[in-house]
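Geometric and topological summary
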Amino acid sequence: KKLYVAGIEIGGPGGPGIGTDITTRHLNVTGVSTFAGAIDANGDLDVDGHTNLDNVSVAGVTTFASNVFLGDDDRILFGDGGLSDAHVRYDGSHLQFAVASGSYRVSADTASFVNYAGTQTLATINSTGVSIPKNLDVDGQTEIDDLNVAGISTFNDDVTFITANSKNIVFDKS
């Protein structure tokens, strides 16, 4: 059987197929379509349903209307050096921000660390300092300039204050 459409012959002695380029304004394909060569889409591509893409290169802005899911130990890489620059990953237990070259910087007027539920502030950092509303447990030697203590302070060992003229004031725990 042969099908003739505006001078295009489909089928015949060479078997089914089209051997020349076809330009069309509207093409509606139902069923499975298989392409053996490259596909060049010069307009919007609207895909409904699940889509598997083996290798995607995006030039320009990408907008996601929902979530982006990455598996455990998958990374988001920043910079041209891959893991040699910076990345974010979740290993199944910990979220890691890694900067292999340069420094890690948070730019904000106020940065707050809160519990998972967002109901309790653990620490706040702003231009006036650091606020830790819960107990601060510091082990080892700690040097602090300009310390103001409001309320009751408990010390479990000797406390030494060094005055401006290098004379020590010691409160012995005994």
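Residues numbered from 1 in each chain as written. Predicted model: local features only at pLDDT ≥ 70, side-chain atom pairs only at ≥ 80, totals over all residues. Heavy atoms only, no water.

Focus on the sheet that holds strand 5 (residues 95–99)
Strands sit in the order 3-4-5 across an open sheet of three strands; the sheet is antiparallel. In this open sheet, the two strands that pair with only one neighbour each are strand 3 (75–78) and strand 5. Neighbour-to-neighbour, the strand axes of the sheet open up by a mean angle of 10°, direction not taken into account. (Pairing = 2+ DSSP bridges. Helix = DSSP H or I, 4+ residues; strand = E, 2+ residues; numbered from the N terminus. Axes fitted to C-alpha atoms, helices over the stretch in contact; angles between N-to-C directions.)

Some words on the packing of aromatic side chains
Under the defined criterion, the tally for this structure stands at one aromatic pair. A centroid spacing of 5.9 Å and a plane angle of 45° characterise the contact between Phe97 and Tyr104, whose relative ring orientation is tilted. The class of Tyr104 is exposed, set by a relative accessible area of 53%. (Phe/Tyr/Trp six-rings, centres within 6.5 Å; stacked < 30°, edge-to-face > 60°. Buried < 20%, exposed > 50% of the residue type's maximum accessible area, 1.4 Å probe, protein only.)

Structural notes on the side chain of His87
On the secondary structure map, His87 appears in strand 4 (residues 86–90). When its relative accessible area of 10% is taken as the criterion, His87 is described as buried. With sequence-adjacent residues up to four places away left out, His87 is seen in contact with Arg75, Ile76, Leu77, Phe78, Gln96, Phe97 and Ala98. (Contact = heavy atoms within 4.5 Å.)

Quick look at the sheet that holds strand 7 (residues 121–126)
Strand order in the open sheet formed by three strands is 6-7-8, and the pairing between neighbours is antiparallel. The strands lining the two open edges of the sheet, one partner per strand, are strand 6 (110–114) and strand 8 (129–131). Across the sheet, the mean angle from the axis of one strand to that of its neighbour is 10°, orientation sign disregarded. Across five bridges, the pairing between strand 6 and strand 7 is antiparallel.

Scope: geometric values only; no functional claims are made or implied.
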